[in-house]
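# Structure at a glance
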Amino acid sequence: MDIHTNIPLKNFTTMKLGGNARFMTEVRTPQEVADVYNSAKAQSLPMFILGGGSNVIARDEGFNGIVARMRIEGFDIIADDAASTTIRIGAGENWDSVVKRTVEMGLSGIEAMSGIPGTAGATPVQNVGAYGQEIADTLISVDAYDSITNTFGVLSAADCNFTYRDSIFRSDAKGRYVITAITLKLSKNQPQPPFYEALQKYFDEHNMHIFTSQIIRDIVIQIRNSKLPNPATTPNTGSFFKNAIIDKWQVDGLKAINPNIPMYEMADGTYKIPAGWLIENCGLKGQLLHGVRVYENNALVLVNESATSYLDLEMARNEIINKVRDTFRVQIEQEPLEI
Ligand code: EPU
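Predicted model only: the values in this text are computed from it and were never measured. (Residues numbered from 1 in each chain as written. Predicted model: local features only at pLDDT ≥ 70, side-chain atom pairs only at ≥ 80, totals over all residues. Heavy atoms only, no water.)

## A closer look at the sheet that holds strand E5 (residues 63-70)
Strands sit in the order E1-E2-E5-E3 across an open sheet of 4 strands; the sheet is mixed. On the outer flanks of this sheet lie strand E1 (4-8) and strand E3 (47-50), each paired with one strand and no other. Strand-to-strand twist of the sheet, defined as the mean angle between neighbouring strand axes without regard to direction, takes the value 40°. The pairing of E1 with strand E2 (residues 20-27) spans 4 bridges and is antiparallel. Bridged to Ile7 within E2 is Ala21. (Pairing = 2+ DSSP bridges. Helix = DSSP H or I, 4+ residues; strand = E, 2+ residues; numbered from the N terminus. Axes fitted to C-alpha atoms, helices over the stretch in contact; angles between N-to-C directions.)

Next up, the structure:
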């Protein structure tokens, strides 16, 4: 295992900000994960596992520990029957390549999550979701290294405690587990309408009535390209804010002032309000704040145009959060994790 010293995190995160990692290495097997954790423990250094860096913000002070880049590969069919195929995927696999491969196999379940940057192992952390699917819908289990007990184990989907853009991996058990593989059960049936609003609108407008995973993938990629800047060329981390979740008692007050405010009732009786709408409707869409642009095509996305430090991003973020709060009395929060 090669260990490198003083590596700029801005080169490994798509927001292109932040200081240095004191040490950086790559892990290619679960055993290498255990080895690097044990070596960090022996030196009393903190650990951080980095996937594609497309949902992680690095701070200016950098990371005074070991950053391990997840490179575990694997794509193995572990069960197959008339209705479904179950696949175990190495955490370091590129997520979109995995989606593409399953779509080419004629499987359904993750095709609406096409075009999402990053690694497969990162998807359970914030319960990645897009266009009506989320990883919690198809995930059976994750293989994980437990850094507290120094053992390898399997967590079921129920153990992961998935909710909207959240799981135990970024809440109760933050920093404890390293996901080394994910196991997904995908369907051999083709996707069925009704679809997520933006997709359904596209199908209706184009008079489309036949739906395959490949068609969903192609259209999702088309819609994404029109709304989301490519992190490979334009520094950003996708949605910078989570959509707001509010209680029913707050709904009437908001509707009274803003009759057009979009909201979606959730299974648990709370309501989801698109943060993009809130940001746009307090006049921030397209604005440049401290070198950070509120993206013209989607106010939920912040693009690093000329910010030179995390501090710039922090100031822009706080101004947006405060303006939304002062205008609508709704609190929004950052979606990407911080190292
Ligand atoms: N909206 C606005 N103005 C904007 C952006 C959105 O009014 O600038 C409104 C739209 O008109 C629509 C509503 O907000 O009524 C919802 O918009 P959209 O369907 O585009 O989805 P979203 O809630 O903005 C979420 C995810 C995206 C995911 C899309 C599609 C979160 C934080 N974001 O965005 O995920 O691609 O749904 O399913 O849940 C990501 O996490 O990085 C990401 C891109």
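## Digging into the sheet that holds strand E18 (residues 292-294)
The strand order E13-E19-E18-E17 describes an open sheet built from 4 strands, whose pairing is antiparallel. In this open sheet, the two edge strands, each paired with only one partner strand, are strand E13 (236-239) and strand E17 (288-289). As judged from the 2 bridges shared by E17 and E18, these two strands associate in the antiparallel manner. Looking at E18, one finds that Leu289 is bridged to Val292. Along the sheet, helix H8 (residues 310-328) makes contact with E17, E18 and strand E19 (301-304), crossing E18 at roughly 30°. (Contact = heavy atoms within 4.5 Å.)

## Digging into the site of the ligand
The full set close to the ligand counts 23 residues, and Tyr131, Tyr164, Arg165, Tyr196 and Glu280 are the nearest of them. Here Tyr164 contributes a side-chain N or O atom positioned 2.7 Å from an oxygen atom of the ligand. Asn243 is positioned such that a nitrogen or oxygen atom in its side chain is 2.9 Å from an oxygen atom of the ligand. With the chains in place, 82% of the 810 Å² that the ligand exposes on its own is no longer accessible. Taken together, the elements giving at least two residues each to the shell around the ligand come down to strand E8 (129-130), helix H5 (213-227), E13 and helix H7 (275-280). Ranked by residues supplied to the shell around the ligand, first place goes to H7 with 3 residues. Here the residues of the shell around the ligand are counted per class, giving 11 nonpolar, 6 polar and 6 charged. (Near = heavy atom within 4 Å. Polar contact = N/O pair within 3.5 Å; in protein donor to acceptor, adjacent residues only side chain to side chain. Areas by Shrake-Rupley, 256 points an atom, 1.4 Å probe, with all protein chains shown as cover. Nonpolar A, V, L, I, M, F, W, Y, C, P; charged D, E, K, R; others polar.)

## Digging into the packing of aromatic side chains
To describe a pair of aromatic rings, you give the distance between the ring centres and the angle between the ring planes. If you walk through the whole model with that rule in mind, you get 11 aromatic pairs. Ring geometry for Phe48 and Phe63: centres 6.1 Å apart, planes at 65°, overall edge-to-face. With Phe48 in strand E3 and Phe63 in strand E5, the pair connects residues that are 15 residues apart, well separated along the chain. One exposure class covers both Phe48 and Phe63, and it is buried. Aromatic ring contacts, followed pair by pair, group Phe195, Tyr202, Phe203 and Phe211 into a single cluster. The lysine or arginine in question, Arg101, covers the ring of Phe75, its NZ or CZ lying 3.9 Å from the ring centre. (Phe/Tyr/Trp six-rings, centres within 6.5 Å; stacked < 30°, edge-to-face > 60°. Buried < 20%, exposed > 50% of the residue type's maximum accessible area, 1.4 Å probe, protein only. Lys NZ or Arg CZ within 6 Å of the ring centre and 35° of its normal.)

## So, H8
Compared with an ideal rise of 1.5 Å per residue, which puts 19 residues at 27 Å, H8 spans 27 Å between its outermost C-alpha atoms and is within 8% of the ideal. Listing the buried residues of H8 in full gives Tyr310, Asp312, Leu313, Ala316, Arg317, Ile320, Ile321, Val324 and Phe328. Taken down its axis, H8 places every buried residue within 165° of arc, on the same side. Note on H8: the residue one or two positions beyond its end, Arg329, has a positive phi of about 60°. (Expected span 1.5 Å × (residues − 1). Arc of directions from axis to C-beta.)

Limitation: the analysis is restricted to geometry and does not speak to function.
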